[in-house]
Amino acid sequence: MLDIRTIREREADVRRALDLRGVGVDLDAVLALDRDRRSGLAEVEQLKNQRNVISKEIGALKKAGQDTAARQAEVRAMGDRIAELDRIVREAEEKLNNALLFMPNLPHPAVPPGHDAAQNRVVRQHGTPRSFDFEPKPHWELGEKLGLFDLERGARMSGAGFPLFTGRGARLERGLIQFMLDLHTTQHGYREIAPPFLCNAASMTGTGQLPKLAEDMYHVASDDLYLIPTAEVPVTNFYREEIIRDPLPVKLTAYSACFRREAGAAGRDTRGLIRVHQFDKVELVKFVEPETSDAELETLLADAEDVLQRLGLVYRILELCAGDLSFASSHTYDIELWAPAQKAWLEVSSCSNFGDFQARRAGIRYRNKDGKAAFVHTLNGSGVALPRLVVALLENGQRADGSIVLPEALHPYLGGLTVLD
RNA sequence: GGAGGGAUGGCAGAGCGGUUUAAUGCACCGGUCUUGAAAACCGGAGUGUCCUUAUGGGCACCGUGAGUUCGAAUCUCACUCCCUCCGCCA
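Residues numbered from 1 in each chain as written. Chains lettered and ligands numbered in written order. Predicted model: local features only at pLDDT ≥ 70, side-chain atom pairs only at ≥ 80, totals over all residues. Heavy atoms only, no water.

Asker: Before we move on, could you go through the overall build of chain A and cite the residues and values that matter?
Answerer: Across its full length, chain A holds 12 helices and 16 strands. Taking the principal axes of the C-alpha coordinates as reference, chain A spans close to 100 × 45 × 40 Å. Residues counted as buried form 49% of the 421 residues belonging to chain A. Excluding contacts between residues fewer than 6 apart, the proportion of contacts in chain A whose partners are at least 24 apart in sequence is 73%. Side-chain charges in chain A split into 53 positive and 61 negative, and the spacing between the mean points of these groups amounts to 3 Å. (Helix = DSSP H or I, 4+ residues; strand = E, 2+ residues; numbered from the N terminus. Buried < 20%, exposed > 50% of the residue type's maximum accessible area, 1.4 Å probe, protein only. Contact = heavy atoms within 4.5 Å. Lys, Arg positive; Asp, Glu negative; His and termini not counted. Charge placed at Lys NZ, Arg CZ, Asp CG, Glu CD.)

Right under this line is the structure:
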């Protein structure tokens, strides 16, 4: 959420930033609500001050045994106007708050301009795609043949997009999760947590999934809970409505299953593991002092990259343009893995700096150098998402006979297994 | 699901209709003392918001929301969460 004072005092900057993102926001309406609220507040608070003063007098008069009927009538007469103004202020406040909850974050100055993914900037590429002396097979052929997953049975259990891993495929999922958690906790300084997979509306609002993106989530109506689309939600809400006492930066990592309805994506990437409704992911979240968040984004990105480097995968880094930023983000790097059979780059991680956008929504603060409570900056990144990682491992590791060579870093996590055949 | 208890500032813990600008203790910050530290003593300090800004002042906040009253942390109602016990259960 943006600070209404920022909008009020730097209206032109805010307009420019929102235009850059290509979103239509009625700033005039927002500013009008702000004016209504403040003028009502000025009047009602003055009346309340009068009331408090007179009530105190009444108390003193009663104690002295004097008659207070006239004073009481005077105050009673003010009650209606106070109630009316309270209502006006509350309504303006609710409308204003609602409007602010629907406004996206402002892009960081470093973000390249642009309307859509085509304008994202390629920052760098790590490694060069392997050349094949045979036609590489897509992961769904490799995986089904080797018995790593059974998408048909998964679809029968739940529906299309609910992958079912089997045998060594299930072991691979578990091994990858453990490999990544071990790496982040022992090498990168993150503390592991194992969070709930369902969260309430307040948490979803805190990180920015609600109210705008409700359609993208699974909702359990009977209990008004949402299946998390990412561990970002519970992990960031770890400190919701708190003043953080732990020394900053706080770095948390968590594994979770993630659930996404993929509304609006019908018909896209329907085959295989590239776009699914449920998947596993290891997430990285940081709570940092505002001055350090730019640098923390770079190290967050490096922590996610380390996973891919240790697995010997080819990837590239994109810096998202303003028009491609997610709702809550001010600055995002995507990491994409090369998938040879797809002949495509697949997003496996998105590392974002949210500035104080989520912290303001979720009420996450710290004590700054002056001892004042101030909003932290939050960051998160996938470290990394499993299905597309598996796609890349299978398609890149394949041999002509359909067997798959596994990277050395994984061997200890698969009971010494080095080849899937 | 049933019964009972509870929710107050970072923590502990008073207050149950008007000197509460929420006592007191611990923790915290500054100072005195000390070679230094500890102890002792003195002082400071909640959050949000609005007006004015050098300063200062107002309003709101004692789980949440309504209500009674001239006046609510305190009285009434509803709700939420936590704890204990019982039932069910991985």
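Anyway, onward from the coordinates.
Asker: Quick rundown of the domain arrangement of chain A? Include the residues and the values.
Answerer: Split by domain assignment, chain A resolves into domain 1 (4-101) and domain 2 (117-420). Domain 1 puts four residues into the contact, and the matching count from domain 2 is nine residues. Roughly 540 Å² is buried in total at the junction of domain 1 and domain 2, and carbon and sulfur atoms are behind 51% of that figure. If you sort the residues of domain 1 by the area they bury against domain 2, Leu 20, Arg 21 and Leu 101 come out on top, with a joint share of 90%. Viewed at the interface, domain 2 and domain 1 are joined by zero salt bridges. Only α2 (11-21) and α4 (69-101) provide two or more residues apiece to the side of domain 1 that touches domain 2. Partitioned by chemical class, the residues of the side of domain 1 that touches domain 2 number three nonpolar, no polar and one charged. (Domains from an automatic or database assignment. Buried area = accessible area lost by both parts, 1.4 Å probe. Salt bridge = Lys/Arg side-chain N within 4 Å of Asp/Glu carboxyl O. Nonpolar A, V, L, I, M, F, W, Y, C, P; charged D, E, K, R; others polar.)

Asker: Give a description of the sheet that holds strand β6 (residues 242-244) that names residues and reports values.
Answerer: Within a sheet, each strand pairs with its neighbour through backbone hydrogen bonds, oriented either parallel or antiparallel. Strand order in the open sheet formed by three strands is β6-β12-β13, and the pairing between neighbours is mixed. Edge positions in the open sheet fall to β6 and β13 (373-375), since each of these has one partner strand only. On average, each strand axis in the sheet is inclined to that of its neighbour by 45°, with strand direction left out of account. In this sheet, β13 lies alongside strand β12 (residues 364-367) in antiparallel orientation, the contact comprising three bridges. In the strand pairing of β13, Arg 365 is matched with Phe 375. (Pairing = 2+ DSSP bridges. Axes fitted to C-alpha atoms, helices over the stretch in contact; angles between N-to-C directions.)

Asker: Let's hear about the sheet that holds strand β4 (residues 219-220): which residues, and what values?
Answerer: The strand order across the open sheet formed by three strands is β3-β5-β4, and the pairing between neighbours is antiparallel. Single-partner strands in this sheet number two, and they are β3 (198-199) and β4. Inspection of the sheet shows β3 paired to strand β5 (residues 225-227) by two bridges, in the antiparallel sense. Opposite Leu 198, over in β5, you have Leu 227 as the bridge partner.

Asker: Could you give me a rundown of the environment of Trp 140, with the residues and numbers involved?
Answerer: Residue position: Trp 140 is located in helix α5 (residues 139-146). The sequence separation of Trp 140 and Asp 150 amounts to 10 residues, and the corresponding C-alpha distance is 9.4 Å. Among residues more than four places away in sequence, those in contact with Trp 140 are Phe 149, Arg 271, Gly 272 and Gln 342.

Asker: Residue-level account of the nonpolar core, with values.
Answerer: Within the largest apolar cluster, 48 residues are counted, with the highest numbers of intra-cluster contacts made by Leu 176, Met 180, Leu 308 and Leu 389. Residues in contact with Leu 308, not counting those within four places in the same chain, are Leu 313, Tyr 315, Ile 335, Leu 337, Val 348, Val 384 and Leu 389. Of all hydrophobic cores here, the second largest spans 20 residues; its members include Leu 2, Met 103, Leu 106 and Phe 357. (Core = buried A, V, L, I, M, F, W, Y, C linked by side-chain atoms within 4.5 Å.)

Asker: Provide a residue-level description of a positive patch on the surface, including the pertinent values.
Answerer: Taken together, Arg 245, Arg 365, Arg 367 and Lys 372 make up a surface patch of like positive charges. Inspection of the secondary structure assignment puts Arg 365 in strand β12. With relative accessibility at 32%, the residue Arg 365 sits in the partly exposed group. (Patch = residues over 30% accessible without salt bridge, like charges linked within 9 Å, V, L, I, M, F, W, Y side chains within 5 Å. Areas by Shrake-Rupley, 256 points an atom, 1.4 Å probe, with all protein chains shown as cover.)

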